[in-house]
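# Observations on the three-dimensional arrangement
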Amino acid sequence: MIEKIKKILAQVSDPEIPVLSLEDLGVIRNIAVNDDEIIVTITPTYSGCPAMEVMQQDIIKVLSKQGRKVGLPTKVTVITQLSPAWTTDWISEKGKQALLKYGIMPPSRKGTIMCPQCESKNVELLSQFGSTACKALYRCKDCLEPFDYFKCH
Ligand SMILES: [Zn+2]
């Protein structure tokens, strides 16, 4: 039953980055089922990230709707677990590739930031805050394209 739930949850994506599933983002901590209820435990990426509210609603909506078709309990509860805190290390390799393809430089512990368009490392920081607080805005000095860098934390 957990496998069925995982399969459905794989369709729920980060509201800000549609190519990144919540699973690849690494926010899903645990999935449990009791008699008539599915309990999904998630760890928010950034506290106060407005996307988290949307994610919770999406999980409930998608699971209760699609789960019904495969005989899962339709009552879905999402629990938020704050500790241990989410880190960008929890983004899966698949997730990082998806980010790159989407034009966002994934978090890099080595601090190597390259342009997702042309892979040039000749880049400059334009702003510590990109389209959201979780990202910084960079520009490639070779192809001159601006791009977001998903900040490590
Ligand atoms: Zn470039």
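Scope of this entry: the structure provided in the associated data block. Every residue gets a number counted from 1 within its own chain, in the order that chain's sequence is written. At least 70 in pLDDT is required for a residue's local features to be given in this predicted model, at least 80 for side-chain atom pairs to be given and counted, and no such filter applies to totals for whole chains, interfaces and linings, which use all residues. The side-chain quantities take in all heavy atoms of the structure and omit both hydrogens and water.

As a further point, take the side chain of Thr-45. Starting at the N terminus, helices and strands are each numbered in turn, a helix being any DSSP run of H or I of at least four residues and a strand any DSSP run of E of at least two. Relative to the elements of secondary structure, Thr-45 occurs in the loop between strand 2 (37–42) and helix 3 (51–69). Two residues qualify as a contact provided that any one of their heavy atoms is within 4.5 Å of a heavy atom in the partner residue. Residues in contact with Thr-45, not counting those within four places in the same chain, are Leu-25, Val-27, Met-52, Trp-86 and His-153.

We now examine the environment of Pro-106. Structurally, the position occupied by Pro-106 is in the loop between strand 4 (104–105) and strand 5 (123–127). Residue contacts for Pro-106: discarding those within four places in its chain leaves Lys-96, Leu-99, Leu-100, Tyr-149 and Phe-150.

Excluding any residue in a salt bridge, patches collect residues exceeding 30% relative accessible area, merging like charges within 9 Å and nonpolar Val, Leu, Ile, Met, Phe, Trp and Tyr side chains within 5 Å. Residue-level accessible areas treat just the shown protein chains as cover; the underlying method is Shrake-Rupley with a 1.4 Å probe. By salt bridge we mean one thing: a side-chain nitrogen of Lys or Arg within 4 Å of a carboxyl oxygen of Asp or Glu. Taken together, Met-1, Ile-2 and Val-33 make up a surface patch of nonpolar side chains, about 230 Å² in accessible area. Along the chain, Val-33 turns up in strand 1 (residues 28–34). Burial classification: accessible surface area is computed with a 1.4 Å probe over protein chains only, and a residue below 20% of its type maximum counts as buried, one above 50% as exposed, and the rest as partly exposed. Classification of Val-33 as partly exposed rests on a relative accessible area of 30%.

Further remarks concern the pattern of salt bridges. Side-chain pairing between opposite charges can occur once the charged atoms of the two side chains come close. Going through the model one piece at a time under the given rule, you end up with seven salt bridges. As a salt-bridge pair, Arg-109 and Asp-89 come within 2.9 Å of each other at their nearest N and O atoms. Taken together, the residues span a long stretch of sequence, with Arg-109 in the loop between strand 4 and strand 5 and Asp-89 in the loop between strand 3 (75–80) and helix 4 (93–102) at a distance of 20 residues. Given a relative accessible area of 54%, Arg-109 falls into the exposed group. The residue Glu-124 makes a salt bridge to Arg-139 at a minimum N-O spacing of 2.6 Å.

Donors, by definition, are the N, O and S atoms found within 2.8 Å of a metal, the threshold being 3.2 Å for Na, K and Ca, and water is not counted, so a site can look incomplete. Summarising the metal site, the zinc ion is bound by the protein donors Cys-115 (SG), Cys-118 (SG), Cys-140 (SG) and Cys-143 (SG), whose distances to it range over 2.2 to 2.4 Å. A four-donor site is classed as tetrahedral when every donor-metal-donor angle falls between 85 and 135 degrees; four donors are called square planar, and six octahedral, when trans pairs exceed 155 degrees and all remaining angles lie between 65 and 115, with any other arrangement labelled irregular. Viewed at the metal, the four donor atoms of the zinc ion are separated by angles of 105 to 121 degrees, and the geometry they form is tetrahedral. Every donor residue of the zinc ion comes from the same chain, spaced as C-x2-C-x21-C-x2-C. With Cys-115 in the loop between strand 4 and strand 5 and Cys-143 in the loop between strand 6 (135–140) and strand 7 (146–150), the pair connects residues that are 28 residues apart, well separated along the chain.

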